[in-house]
Amino acid sequence: MKIADARVVVTCPGRNFVTLKITTDDGLTGVGDATLNGRELAVASYLTEHVVPALIGRDAARIEDTWQYLYKGAYWRRGPVTMTAIAAVDTALWDIKGKAAGLPVYQLLGGRSRDGVTVYGHANAETVDEVLTEVGRYTELGYRAVRVQTGVPGLDATYGVGKDKLFYEPADAALPTETAWSTPHYLSHVPEVFRRVREEFGPHLQLLHDVHHRLTPIEAARLGASLEPYALTWMEDPVPAELQEGFRLIRQHTTTPLAVGEVFNSIWDCRQLIQEQLIDYIRTTVVHAGGISHLRRIFDLAALHHVRSGSHGATDLSPVCMAAALHLDISIPNFGLQEYMRHTPETDAVFPHDYRFEDGMLHPGERPGLGVDIDEDLAAQYPYQPAQLPVNRLQDGTVHSW
Ligand code: CS2
Ligand code: MG
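Definitions and limits used
- Residues numbered from 1 in each chain as written.
- Chains lettered and ligands numbered in written order.
- Predicted model: local features only at pLDDT ≥ 70, side-chain atom pairs only at ≥ 80, totals over all residues.
- Heavy atoms only, no water.
- Phe/Tyr/Trp six-rings, centres within 6.5 Å; stacked < 30°, edge-to-face > 60°.
- Helix = DSSP H or I, 4+ residues; strand = E, 2+ residues; numbered from the N terminus.
- Lys NZ or Arg CZ within 6 Å of the ring centre and 35° of its normal.
- Donors = N, O, S within 2.8 Å, 3.2 Å for Na, K, Ca; no water.
- Buried < 20%, exposed > 50% of the residue type's maximum accessible area, 1.4 Å probe, protein only.
- Pairing = 2+ DSSP bridges.
- Core = buried A, V, L, I, M, F, W, Y, C linked by side-chain atoms within 4.5 Å.
- Domains from an automatic or database assignment.
- Salt bridge = Lys/Arg side-chain N within 4 Å of Asp/Glu carboxyl O.
- Axes fitted to C-alpha atoms, helices over the stretch in contact; angles between N-to-C directions.
- UniProt positions renumbered as here; feature names shortened; annotations may be inferred.
- Contact = heavy atoms within 4.5 Å.
- Buried area = accessible area lost by both parts, 1.4 Å probe.
- Polar contact = N/O pair within 3.5 Å; in protein donor to acceptor, adjacent residues only side chain to side chain.
- Nonpolar A, V, L, I, M, F, W, Y, C, P; charged D, E, K, R; others polar.

- As annotated in an unreviewed UniProt entry, the protein chain carries the name D-galactonate dehydratase family protein and comes from Actinacidiphila acidipaludis.

Encoded structure:
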């Protein structure tokens, strides 16, 4: 079973997605998500110019060998562009392997370990009263876990509060828009938000919050301690994660669980946080952390250290990534939660898929492979639109983490 063709499809049904489609000499096809928000064309070019020519003629069944060939063969190892490109190839080859075996991919990963994949949605609004309404809407939709993000009084805009309610697109202009940030305003506001949510919805709804890399360790320690009465499932990305020993300081001051890793792209990025149990959930994804083959290595390392999965699942990760994620989520022993920020109807039409939402959980399809595809004719109707993520600044103009 040789790789006969590999195509990179860039499409923009409301937002940009990059997809790799591999076809074998006996007509089997597989797809892999290669979307990197704000840097889509870098990955498309990496694949088209540097990877696809080397794939033609390779044995499509040799997934691990191809992964090592692309990882070690790059010489310049790791990084979001390289690992997203490798992820797309890996994912597409697992899709093909499932089709060749006549099985959904999760059956090749050890079968089901649970009935469904519990997901969380995003309740976001400018004010606390509005976000209470949104939390109620998600619970009525059947969600058992809800991420809560509000505006910050005194700030015009902030991360996580978008114009849409079911999906969120932060890459909102061809060049970065600029937002202002105030940590003191934020730290004084968030505990009250969760007090109100707990007061309204009681103790059992799983609540999450994304700090989005904006604090220092001692500020994160203060926030975590202030949120302990509200028993969050996790506080996400409290600080930029380059200095991993910095998480020791957060751990010394708070029992609020921590979730980190959506920007990580290899097991090496995760190793210290996992091995020192400095986090409770690892948020790495199929699309940005080297595909199914590498992500399950990360989850296996996590399982040794009481760390559960909590994969990123924002709108800017395509339905191809979501479909692949569910095959891992349903099979690994240490599943935690899966983020499920929905896609627009236009996106769902470009990426027909089997997974479905029911009773607070996503369920992967039973079709051989990953149960997702790309409608290339429809995709061609949505040409690429330049879009970049915002740049954040403190109120004195200092550039800050977005
Ligand atoms: C966020 C994302 O979903 C999340 O947890 O961190 O919305 C993130 O900001 C975007 O995926 C960036 O493109
Ligand atoms: Mg996040």
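### Concerning the packing of aromatic side chains
Right, on to step 1. Taken as a whole and judged by the stated rule, the model has 10 aromatic pairs.
Right, on to step 2. On the numbers, 5.6 Å between centres and 80 degrees between planes, the contact of F17 with F351 is edge-to-face. Residue F17 is located in strand β2 (residues 17-24), and its partner F351 is located in the loop between α12 (345-350) and β13 (356-358); the two are separated by 334 residues in the primary sequence.
Right, on to step 3. Ring plane angle 85 degrees and centroid distance 4.8 Å describe the contact between Y75 and W76, whose orientation is recorded as edge-to-face.
Right, on to step 4. Ring pairing ties together the aromatic residues Y138, Y143, Y340 and F357, which thus form one cluster.
Right, on to step 5. The positively charged end of R15 is found above the aromatic ring belonging to F17, 5.4 Å away from the centroid.
Right, on to step 6. For R214, the ring lying beneath its charged end belongs to W181, and the centroid distance is 4.7 Å.

### Observations concerning the coordination of the magnesium ion (ligand 2)
Right, on to step 1. Protein ligation of the magnesium ion (ligand 2) involves D210 (OD), E236 (OE) and E262 (OE), the donor distances falling in the range 1.9 to 2.2 Å.
Right, on to step 2. Each donor residue of the magnesium ion (ligand 2) lies on the same chain, and together they follow the pattern D-x25-E-x25-E. Of this pair, D210 sits in strand β7 (residues 206-210) while E236 sits in strand β8 (residues 234-236); the two residues are 26 residues apart in sequence, bridging distant segments of the chain. Taken individually, D210 and E236 each receive the classification buried, so the pair is uniform in this respect.

### Digging into the sheet that holds strand β16 (residues 399-400)
Right, on to step 1. Pairing is mixed in the open sheet, where 3 strands are placed in the order β6-β15-β16. At either end of the open sheet lies a strand with only one pairing partner, and these are β6 (178-181) and β16.
Right, on to step 2. Alignment of strand β15 (residues 391-394) against β16, held across 2 bridges, turns out to be antiparallel. Bridging from a neighbouring strand, R393 pairs with V399 of β16.

### Description of the nonpolar core
Right, on to step 1. Counting 116 residues, the largest nonpolar core has I22, F247 and I282 as its most contacted members.
Right, on to step 2. It is helix α3 (residues 80-101) that provides the largest number of residues to this core, a total of 9 residues.
Right, on to step 3. When we break this core down by domain, the ones giving at least three residues each are domain 1 (3-104) and domain 2 (108-367).
Right, on to step 4. Residues Y120, A145, A259 and Y281 belong to the second largest nonpolar core, which totals 7 residues.

### As for the pattern of salt bridges
Right, on to step 1. Under the definition given, this model contains 26 salt bridges.
Right, on to step 2. Notably, a salt bridge pairs E40 with R15, separated by 3.8 Å at the nearest N-O pair. With E40 in helix α1 (residues 40-55) and R15 in the loop between β1 (3-11) and β2, this residue pair connects regions lying 25 residues apart in the sequence. Across the pair, exposure class does not vary: E40 and R15 are buried alike.
Right, on to step 3. Ionic pairing is found between D280 and R251, a salt bridge with its closest N-O pair at 2.7 Å. Note that D280 is positioned in the loop between α9 (267-275) and β10 (281-282) and R251 in helix α8 (residues 246-253), a separation of 29 residues in sequence.

### Re the sheet that holds β1
Right, on to step 1. Overall, antiparallel pairing links the 3 strands, which are arranged β1-β2-β3 in an open sheet. The open sheet has two free edges, formed respectively by β1 and β3 (29-33), since each of these has just one partner strand. Pairwise comparison of adjacent strand axes, ignoring direction, gives a mean angle of 20 degrees for this sheet.
Right, on to step 2. Two elements, β2 and β3, share 5 bridges in a ladder whose sense is antiparallel. The partner of K21 across the bridge, within β3, is V31.

### Digging into the UniProt feature "domain: Mandelate racemase/muconate lactonizing enzyme C-terminal" (unreviewed entry) in the protein chain
Right, on to step 1. Annotation from UniProt places "domain: Mandelate racemase/muconate lactonizing enzyme C-terminal" (unreviewed entry) at residues 128-257.
Right, on to step 2. Annotated as 40% helix and 14% strand, the span residues 128-257 places its first and last C-alpha atoms 23 Å apart.

### So, the domain arrangement of the protein chain
Often, the extent of an interface is quoted as the loss of accessible area upon association of its parts.
Right, on to step 1. Looking at the assigned domains, one finds that the protein chain contains domain 1 (3-104) and domain 2 (108-367).
Right, on to step 2. Domain 1 and domain 2 are separated by 26 Å when their C-alpha centres are compared.
Right, on to step 3. Counting from both sides, the interface comprises 31 residues of domain 1 and, opposite them, 36 residues of domain 2.
Right, on to step 4. When the two sides are added together, the surface that domain 1 and domain 2 hide from each other amounts to roughly 2500 Å², 62% of it contributed by carbon and sulfur.
Right, on to step 5. On the domain 1 side of the contact with domain 2, D33, W94 and P104 bury the most area, a combined 25% of that side's loss.
Right, on to step 6. Along the contact surface separating domain 1 from domain 2 lie 3 salt bridges.
Right, on to step 7. Residue E64 pairs with R297 through a salt bridge whose shortest N-O separation is 3.3 Å.
Right, on to step 8. Across the domain 1-domain 2 interface, the total number found is 11 residue pairs in polar contact (both at pLDDT 80 or more).
Right, on to step 9. Here the element with the most residues in the side of domain 1 that touches domain 2 is α3; it accounts for 11 residues.
Right, on to step 10. In the side of domain 1 that touches domain 2, the residues fall into 16 nonpolar, 9 polar and 6 charged.

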